[in-house]
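Results of the structural survey
Here's the letter readout for the chains.
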Amino acid sequence: MPAKILSVDDSQTIRRIVGGVLFPYDCILYEAANGLEGLVAARREKPDLIILDISMPVMDGISMLTHLMEDPELKAIPVLMLTAVSDHNNVVRIAHLGARDYLVKPFHEARLLEKMSQLVPLRKKSAPLPAG
Amino acid sequence: MADSFNYRELAERYGLEPLPENVLRLARLVTRQEADLDEMTWVIAQDATLARRLVRAADPWTENEKDCGVVAVRAALLRTGVRCVLLLAMSAPLTFALARTFHTMLGLELKNLPPEWEPPFFGEQVLCVIGFSGKAAGKLFLRLSPDGARRVAAAMLRVEPEQITRDADISDAIGELLNMVTGNLKSNLCDSGLDCELQTPSVGLTRQFEIEAVPGGGWERAVFHAPGIMLFVDLTVNPWGS
């Protein structure tokens, strides 16, 4: 079964970078542009991992994380925060809320892959079988 | 909140970099509006770069820039006012954050040029602005040519500039880059006791740019260069915004 990963970020650029990092792997990537869309997608798809930004319009990442952790069906999904915000209060608050890991923007793609791999098993796409 | 999570441990686990101790100390002194000038003078005088910049900010035409001892720093501080100190102190981590963002996300090495080397920048420019408000209030502006913005977006998305065909892709990439830099600035301000919230970035084209400092605030400009890209960054901040 391919891993299901949900990327929640208001920047399409970041979602495309996440997609690029995951491209060689057997997984399905879902995208959401804010916390509200993210919650809807999380309830519908039950992903294996959520990559979550903080500063977003409509609903920010901290509110989405709070809702996720209050939902018995979603609270076990590991959340990796991917955000430019790294002040003391937010980092401690997010750890309290139950995020599993934190990666500060700007980030190296290899570091993002490493952190995602620690939270969900990622398998490379198998090579196509030779014809005949 | 019960601090059962130790910030130092979390910072180490997540690889977070703390604000330089002298900047943090200075920012905390500025936060107290009845700041002790002697203490502030002493902290600034320990940082040769900051001391030189303060002396220069107090008197841009000074020919005695090398004299940045306690007496010169105190005189400069009295002349510029305490608000200017936070701006100068935050500028160094901001420059570092910008260079790191370009290096990490784009693989580009930014060179910091002195503002007086600024070449004339006429014609259309892409202008990105992010505001922040709270105990500290301000704005960060980033400007570059449309061609430079296309190169930046392409480098970020690992494609050739010709493959970027939608203006929305350029706007999103530039907005996100500035968001990363401003996020770092916001975190530094918050950790200094100046809690603030970021606003959504706005990106557009302009033919004229004139910085408008936030009420009660000062401003600082930095100019950067990378192959094919000239970048102008302006910061205006009032540490006592609210």
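Coordinates for the structure precede this section.
Below is a short write-up of the structure. As the structure is a computational prediction, the values presented were derived from the model and not from experiment.

Right, let's talk about the overall build of chain A for a bit. When you go through chain A residue by residue, the secondary structure sums to 5 helices and 5 strands. Reading chain A from its N end, one meets helices and strands in the order β-α-β-α-β-α-β-α-β-α. For a compact globule of 132 residues, the expected C-alpha radius of gyration is about 14 Å, and chain A comes in at 15 Å, within 12% of that figure. The buried share among the 132 residues of chain A stands at 45%. Contacts in chain A between residues at least 24 apart in sequence constitute 62% of all its contacts with a sequence separation of at least 6.

Turning next to the packing of helix H2 (residues 21-31) of chain B against helix H6 (residues 82-106) of chain B. Residue and element names in this part refer to chain B. Running from amino to carboxyl end, H2 crosses H6 at an angle of 155 degrees, the nearest separation of the two axes being 10 Å. Taken together, H2 and H6 sit at an angle that is classed as roughly antiparallel. Pair H2 / H6 crosses with left-handed handedness. Counted together, Val23, Leu26, Ala27 and Val30 of H2 and Val82, Val85, Leu86, Ala89 and Pro93 of H6 form the full contact between these two elements.

Turning next to the nonpolar core. Soluble globular proteins: nonpolar side chains tend toward being buried together. Ranked by size, the top nonpolar core spans 107 residues in total, and within it Met81(A), Leu26(B), Leu54(B), Val85(B) and Ile174(B) carry the most contacts. Lining this core are residues from two domains, each supplying at least three of them: domain 1 (7-81) and domain 2 (88-238) of chain B. The contact partners of Ile174(B), leaving out residues within four places of it in the chain, are Val126(B), Cys128(B), Ala149(B), Val152(B), Ala153(B) and Val203(B).

Rules used in this analysis
- Residues numbered from 1 in each chain as written.
- Chains lettered and ligands numbered in written order.
- Predicted model: local features only at pLDDT ≥ 70, side-chain atom pairs only at ≥ 80, totals over all residues.
- Helix = DSSP H or I, 4+ residues; strand = E, 2+ residues; numbered from the N terminus.
- Rg over C-alpha atoms; globule rule 2.2 N^0.38 Å.
- Buried ≥ 20, exposed ≤ 12 C-beta atoms within 10 Å, placed from the backbone.
- Contact = placed C-beta atoms within 7 Å.
- Axes fitted to C-alpha atoms, helices over the stretch in contact; angles between N-to-C directions.
- Parallel < 35°, antiparallel > 145°, perpendicular 65-115°, else oblique.
- Left-handed = near helix turned anticlockwise from the far one by under 90°.
- Core = buried A, V, L, I, M, F, W, Y, C linked by C-beta atoms within 7 Å.
- Domains from an automatic or database assignment.

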